[in-house]
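Now for the letters of each chain:
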Amino acid sequence: MIQVIMGLKGSGKTKRLIDAINAAVASAQGDVVCIEYGKQLTYDVNYRVRLVNSKEYGIDNIDKLKGLLSGLHAGNFDITNVYIDNLYKTIGTDRATGEAFILWCAAFAEANNMNITITVSDDAAGASEAIKGYLI
């Protein structure tokens, strides 16, 4: 399953993400991973969450982020929840590329029995119909 938290800057996306991460840690049957841009969430999420700073690994485009997700899964089949904060800061602010990544994540999550939640700083009204189905 995939969920997208979309809104303009200051709309509370990261707060919603933090709440979702901490709730998942309490109820998940597997491991929880959060990919963030920078180290902003270190003190906000439960210590059992594996935080991955995308900047440290040079993740700056869609292919590298796909590779990171695939590698995380290949190294640990127990990952049940993945959270990605600030998608556009991580891969750039191209809406078409972001939407392509979200659709790829939907297929990846379904194939690997994972839950993926992504925050996107963009106006939800401008999202395509395919993406609107994943908005929460």
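Residues numbered from 1 in each chain as written. Predicted model: local features only at pLDDT ≥ 70, side-chain atom pairs only at ≥ 80, totals over all residues. Heavy atoms only, no water.

A. Structural detail: the packing of helix H2 (residues 62–75) against helix H4 (residues 95–112). Running from N to C, H2 and H4 cross one another at 15 degrees; their axes reach a closest spacing of 11 Å. Between H2 and H4, the angle falls in the class roughly parallel. Where H2 crosses over H4, the handedness of that crossing is right-handed. In contact with Ile-62, Leu-65, Lys-66, Leu-69, Ser-70 and His-73 of H2, H4 contributes Thr-97, Ala-100, Phe-101, Trp-104, Cys-105, Phe-108 and Asn-112. Partitioning the contact of H2 with H4 into residue classes produces eight nonpolar, four polar and one charged. (Axes fitted to C-alpha atoms, helices over the stretch in contact; angles between N-to-C directions. Helix = DSSP H or I, 4+ residues; strand = E, 2+ residues; numbered from the N terminus. Parallel < 35°, antiparallel > 145°, perpendicular 65-115°, else oblique. Left-handed = near helix turned anticlockwise from the far one by under 90°. Contact = heavy atoms within 4.5 Å. Nonpolar A, V, L, I, M, F, W, Y, C, P; charged D, E, K, R; others polar.)

B. Quick look at the pairing of strand E2 (residues 31–36). Most of E2 is tucked away, with five of its six residues classed as buried. In this sheet, strand E4 (residues 79–84) lies alongside E2 in parallel orientation, the contact comprising five bridges. Residue Val-32 lies in a different strand from E4, and its bridge partner there is Asn-81. As paired strands, E2 and strand E3 (residues 50–53) are joined by four bridges and run parallel to one another. By the bridge assignment for E3, Glu-36 is matched with Asn-53. (Buried < 20%, exposed > 50% of the residue type's maximum accessible area, 1.4 Å probe, protein only. Pairing = 2+ DSSP bridges.)

C. How the structure looks around the pattern of salt bridges. Under the counting rule described, the total for this entry stands at five salt bridges. A salt bridge links Glu-129 to Lys-132, with the shortest nitrogen-to-oxygen separation between them at 3.7 Å. Here Glu-129 pairs with Lys-132, and both are found in helix H5 (residues 129–132), just three residues apart, close to one helical turn. Here Glu-129 falls in the exposed class, since its relative accessible area comes to 63%. The class of Lys-132 is partly exposed, set by a relative accessible area of 34%. (Salt bridge = Lys/Arg side-chain N within 4 Å of Asp/Glu carboxyl O.)

D. Representation of the environment of Ala-100. With respect to the element layout, Ala-100 can be found in helix H4. Among the residues examined, Ala-100 registers a relative accessible area of 39% and is labelled partly exposed. As a C-alpha pair, Ala-100 and Ile-131 span 31 residues in sequence and 9.5 Å in three-dimensional space.

E. Spotlight on helix H1 (residues 13–27). End to end, H1 covers 21 Å across 15 residues, agreeing with the expected 21 Å (1.5 Å per residue, within 8%). All of the buried residues along H1 are Lys-13, Leu-17, Ile-18, Ile-21, Ala-24 and Val-25. Angular distribution of buried residues about the axis of H1 spans 135 degrees; they occupy a single face of the element. Residues of H1 that are exposed and point more than 90 degrees away from the buried face comprise Lys-15, Ala-26 and Ser-27. Considering only its buried residues, H1 is in contact with strand E1 (2–7), E2, E4 and strand E5 (115–121). (Expected span 1.5 Å × (residues − 1). Arc of directions from axis to C-beta.)

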